[in-house]
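Results of the structural survey
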Protein chains: 2
Amino acid sequence: MRDVAIIGAGQTEVGEHWGVSLRHLALGAVQAAMADAGVMNADALYVGNMLSGELEGQEHLGALVADFAGLRGIEAFKIEAACGSGAAALRMGYIAVAGGLADIVIVVGVEKMTDTVGPDTTAALAMAADADYEAAQGASFVTINALLMRRYMHEYGYSHQAFAPFAVNAHRNAVHNPHAMLPFPVSAEKFASARMISDPINLLDSSPICDGAAGVVLAPADEARDRSTAPVRIVGSAVGTDTVAVHDRRDPLILEGANLSARRAYAQAGVGPKDIDLFELHDAFSIMATLSLEAAGFASSGKGLALALDGEIGIDGKIPITTMGGLKARGHPVGATGVYQVVEVVQQLRGLAAENQVPNARLGMAQNIGGSGATVITHILERMDD
Amino acid sequence: MRDVAIIGAGQTEVGEHWGVSLRHLALGAVQAAMADAGVMNADALYVGNMLSGELEGQEHLGALVADFAGLRGIEAFKIEAACGSGAAALRMGYIAVAGGLADIVIVVGVEKMTDTVGPDTTAALAMAADADYEAAQGASFVTINALLMRRYMHEYGYSHQAFAPFAVNAHRNAVHNPHAMLPFPVSAEKFASARMISDPINLLDSSPICDGAAGVVLAPADEARDRSTAPVRIVGSAVGTDTVAVHDRRDPLILEGANLSARRAYAQAGVGPKDIDLFELHDAFSIMATLSLEAAGFASSGKGLALALDGEIGIDGKIPITTMGGLKARGHPVGATGVYQVVEVVQQLRGLAAENQVPNARLGMAQNIGGSGATVITHILERMDD
């Protein structure tokens, strides 16, 4: 096994791209990542995507994107793990390069959720849940998260308003991210009066439905310095899974898959939560941000919200999260999100995050979640220039 | 990189399993493969599937199947490459074990195409083609293959009846396969009078819509002998891609992706077509069988059909194909097919194919195709007991 580095990263603006096809969206990210890496070819391309079949009537994205990107002939597949598809594709690329089966691998996450040919996007997203035992009972993805949020409030005695810091922090950071979908600040007062979506989840607890694509180029770390001016080493790459249906879990408020995934990544990297300088977590809903902080070891059970209330999740806090806006304000094009998270960590470790720069960021973690915690992929990245 | 072996293989009967859910179907194959391998756990599970979202309203099969199989917590994803999804999942498992990132990997291909909650299955299958430039023009998967068949007949001066040997051979071999969907013989006369589907493709040129699941367990080859009584070594594993839209190809009758894929696998294995004792090819339609024989080097362009007409594709022929019935008569549950092919090659190399046994089979090849040749995955397997 050899060390793997990210030698190029690129992203498209997240938004409602009604005039851009799925393949064009992917192409934008692939080209940006390849240009950044200075590579003209690759051994393989792995595409992270969840909904292209249901919403665009197009499966078979591996060959489609490879050909459209001028890479006809290379190995190419689509990897799917619901909203964790992006990081799942990165995990596959990591495995291929780490194991020596490929030298240069392109990973692209792409999703087009607006202006679709399929059914309601909320119905399509419910395919991340258990079709027979959750969705068939009328549960959507947001209602499942609403149950979790209500339970957390009940167990630990918090009001809904206590979750405001997540939205405030994410939107504050999105202001300076040119790729963010919602680059405007929101106040705690705005949060208090936001439109209800599924009680207790309101609009500002929720990430938006949107389109986007992000990509990275992987190479063996020992060649990375020659290839890139600012490579970033992947020091941890791990997956943990749990039941898809939330009602099958021992405790619905403990994300065991996320915990497994984080612990495996920490063990591989030889670090712990205290060593992580920033954490791009999966804030699809503010309850998921809370539970992720706990599952990844930044707080014990029931204490994740306190971190946010104490101001510790900001750029200058103990554990900065959603530093470029997160799923909440950068946007959550589901199968692309895991790659966006990693692109943003790379930006931070390269010292290119401008107004949002985490000072002296050296170790960054990205955690991408499929479903309500059923598939969790964690990557820990390290700056290579010191 | 280390050698990889298949230490267990299992399959469910192909058919219309209206009373069996998608997860139960997958479970049957996983359990059969694990029992055959004698393993109780695994490091990862990769699921090959194309249509579960569209036809069953269920994505996120990795975590779902892992949990249902008693493997909660392990790494698990779904891999998609249209009808090539099964072998794509195997390719991912191979990469993980060959590279040393996993020791025991379970690969399962599963598809449920009958009794679905989604739209017409033919429409869903068109997602393997180019949604914008083929399907949107009204082309279905069968009409695209019909155009290829008509072109082949025109270019090389064959009648439709010349394709009869593919169906006759496949059905003859299916008779003794207890897992086959259509285990009855058909005659060349039956072929001549079969119902037209999409001129010139008739019912006996076509593989059936069906449900099924097949699985294998992978392990490092140097541990395989201790773990399994009859392990089989993977000596070649390779992917080639081409344009998804057939009209974008240099020559629609040359499957360049299949050719690339086969050549890469031969090079890795250090063998050529003459060394292959049997070839489980992707006979979704008889024209695909013809073009595959040519692309994989068993005949030059325009000569693939002659192999069939000369009786060389039978068990005792120069290059036995579809030895257990193939896609045509065993059945083609699309995302599972690539794993069924490999399970059948394993059966042959273990000498367990009974009436269908290829004498002294030592090297077998399986080739799984996504779309009309856009993603092609080739595996070459070798008997380990000599």
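These notes cover the structure that comes with them. (Residues numbered from 1 in each chain as written. Chains lettered and ligands numbered in written order. Predicted model: local features only at pLDDT ≥ 70, side-chain atom pairs only at ≥ 80, totals over all residues. Heavy atoms only, no water.)

Some remarks on the relation of the copies chain A and chain B
- The two copies are related by a screw operation: chain A maps onto chain B through 180° of rotation and 0.0 Å of translation along the axis, at an RMSD of 0.0 Å. The transformation relating the two chain copies, once decomposed into turn and shift, fits a two-fold axis. Residues of chain A ranked by C-alpha distance from the rotation axis are headed by G99 of chain A, positioned 1.7 Å from it.
- Most of the interface of chain A is mirrored in chain B, where 100% of its interface residues are also at the interface. (Least-squares fit on C-alpha atoms with pLDDT ≥ 70 in both. Contact = heavy atoms within 4.5 Å.)

Points about helix α10 (residues 256-269) of chain A
All names here are of chain A.
- The terminal C-alpha atoms of α10 lie 20 Å apart, and with 14 residues this matches the ideal 20 Å at 1.5 Å per residue to within 8%.
- Those residues of α10 lying buried are G257, A258, S261, A262, A265 and Y266. Projected onto a plane normal to the axis of α10, the buried residues spread over an arc of 160° and lie on a single side.
- Considering only its buried residues, α10 is in contact with β8 (232-241), α11 (286-295), β10 (363-370) and β11 (375-383).
- Phi for G270, located one or two positions after α10, is positive at around 70°. (Helix = DSSP H or I, 4+ residues; strand = E, 2+ residues; numbered from the N terminus. Expected span 1.5 Å × (residues − 1). Buried < 20%, exposed > 50% of the residue type's maximum accessible area, 1.4 Å probe, protein only. Arc of directions from axis to C-beta.)

Digging into the packing of helix α1 (residues 22-37) of chain B against helix α3 (residues 61-68) of chain B
Residue and element names in this part refer to chain B.
- Contact geometry of α1 with α3 gives a least axis separation of 9 Å together with a crossing angle of 60°. In terms of their interaxial angle, α1 and α3 are classed as oblique. Considering the relative orientation of α1 and α3, their crossing is right-handed. Touching L22, R23, H24, A26, L27 and V30 of α1 are L61, L64, V65 and F68, all from α3.
- Of the residues that constitute the contact of α1 with α3, the class distribution is eight nonpolar, one polar and one charged. (Axes fitted to C-alpha atoms, helices over the stretch in contact; angles between N-to-C directions. Parallel < 35°, antiparallel > 145°, perpendicular 65-115°, else oblique. Left-handed = near helix turned anticlockwise from the far one by under 90°. Nonpolar A, V, L, I, M, F, W, Y, C, P; charged D, E, K, R; others polar.)

Some points on the environment of S206 of chain A
Residue and element names in this part refer to chain A.
- Along the chain, the position of S206 falls in the loop between β6 (201-202) and β7 (211-220).
- Leaving out residues up to four positions away in the same chain, S206 has contacts with I197, I201, A284, F285 and K328.
- Here the side chain of S206 touches N202 through a polar contact of 2.9 Å, landing on its backbone oxygen. (Polar contact = N/O pair within 3.5 Å; in protein donor to acceptor, adjacent residues only side chain to side chain.)

Some words on the interface of chain A and chain B
- Listed as interface residues are 57 residues of chain A and, on the opposing side, 57 residues of chain B.
- Around 4,600 Å² of area is buried between chain A and chain B when both sides are counted, 56% of it from carbon and sulfur atoms.
- The three residues of chain A that bury the most area against chain B are H60, F77 and L101 of chain A, which together make up 16% of that side's buried surface.
- E75 of chain A is paired through a salt bridge with R91 of chain B; the nearest N and O atoms lie 2.9 Å apart.
- Applying the counting criterion to the chain A and chain B interface returns 28 residue pairs in polar contact (both at pLDDT 80 or more).
- Among the secondary structure elements, those contributing two or more residues to the side of chain A that touches chain B are α2 (52-56), α3 (61-68), β3 (75-80), α4 (85-98), β8, α10 and β11 of chain A.
- In terms of residue count, α4 of chain A provides more of the side of chain A that touches chain B than any other element does, seven residues in total. (Buried area = accessible area lost by both parts, 1.4 Å probe. Salt bridge = Lys/Arg side-chain N within 4 Å of Asp/Glu carboxyl O.)

Some points on the side chain of E80 of chain B
- Here E80 of chain B lies in strand β3 (residues 75-80).
- Buried E80 of chain B, no salt bridge; nearest opposite-charge side chain is K78 of chain A, N-O distance 4.8 Å.
- Within the local environment of E80 of chain B, its side chain forms a polar contact with the backbone nitrogen of H60 of chain A, the two atoms lying 3.1 Å apart. (Lys, Arg positive; Asp, Glu negative; His and termini not counted.)

Overview of helix α10 (residues 256-269) of chain B
- Residues G257, A258, L260, S261, A262, A265 and Y266 of chain B constitute the buried set of α10 of chain B.
- At its buried positions, α10 of chain B is contacted by β8 (232-241), α11 (286-295), β10 (363-370) and β11 (375-383) of chain B.

So, the pattern of salt bridges
- In the structure shown here, the tally under the stated rule is 34 salt bridges over all chains.
- Among the ionic pairs, R330 of chain A bridges to E344 of chain A, the shortest N-O distance being 2.7 Å. Residue R330 of chain A is located in the loop between α13 (326-329) and α14 (334-349), and its partner E344 of chain A is located in helix α14; the two are separated by 14 residues in the primary sequence. There is no split in this pair, since R330 of chain A and E344 of chain A are both buried.
- R150 of chain B serves as the salt-bridge partner of D199 of chain B, at 2.9 Å between the closest nitrogen and oxygen. Taken together, the positions of D199 of chain B in the loop between β5 (196-198) and β6 (201-202) and R150 of chain B in helix α6 (residues 141-156) put the pair 49 residues apart, joining distant regions of the chain.
- What makes R150 of chain B partly exposed here is its relative accessible area of 39%.
- One salt-bridge network, in which partners are shared between bridges, spans D3, R233, R362 and E382 of chain A.

A short note on the state of the cysteines
All names here are of chain B.
- As enumerated under the stated definition, the model contains zero disulfides over all chains in all.
- No disulfide involves C83; its nearest neighbouring cysteine sulfur is the one of C210, lying 11 Å away.
- Since its relative accessible area comes to 2%, C83 is described here as buried. (Disulfide = S-S within 2.5 Å.)

Quick notes on the packing of aromatic side chains
- Throughout the structure, instances matching the rule amount to twelve aromatic pairs over all chains.
- With a centroid separation of 6.2 Å and an interplanar angle of 15°, the aromatic rings of Y152 of chain B and Y158 of chain B are classed as stacked.
- For Y152 of chain B, a relative accessible area of 0% gives the class buried.
- The side chain of R23 of chain A reaches across the aromatic face of F68 of chain A, ending 5.9 Å from its centre. (Phe/Tyr/Trp six-rings, centres within 6.5 Å; stacked < 30°, edge-to-face > 60°. Lys NZ or Arg CZ within 6 Å of the ring centre and 35° of its normal.)

What about the pairing of strand β1 (residues 4-11) of chain A?
Residue and element names in this part refer to chain A.
- Summarising burial for β1: eight of the eight residues are buried, a large majority.
- Direction of pairing for β1 relative to β8: antiparallel, over a ladder of three bridges. Residue pairing across strands places V4 opposite I234, the latter belonging to β8.
- Where β1 and β7 come together, seven bridges link them in antiparallel fashion. Bridged to V4 within β7 is P220. (Pairing = 2+ DSSP bridges.)

Describing empty space enclosed by the protein
- What the rule picks out here adds up to two cavities of 30 Å³ or more.
- Together, F163, F166, A167, L204, D205, D283, F285, S286, A289, I321, T322 and K328 of chain A line the largest cavity.
- Within the residue set of the lining of the largest cavity, elements represented by two or more residues are α7 (164-174) and α11 of chain A.
- When the residues that make up the lining of the largest cavity are grouped by side-chain class, the tally is seven nonpolar, two polar and three charged.
- What the second largest cavity holds in volume is close to 50 Å³.
- Taken together, F166, A167, L204, D205, D283, F285, S286 and K328 of chain B make up the lining of the second largest cavity.
- Across the lining of the second largest cavity, the residue classes break down as four nonpolar, one polar and three charged. (1 Å grid on protein atoms, 1.4 Å probe; cavity = no way out; pocket = protein on both sides within 12 Å on 5 of 7 lines; lining within 4 Å. Points joined across faces, edges and corners; volume = space filled by probe spheres on them.)

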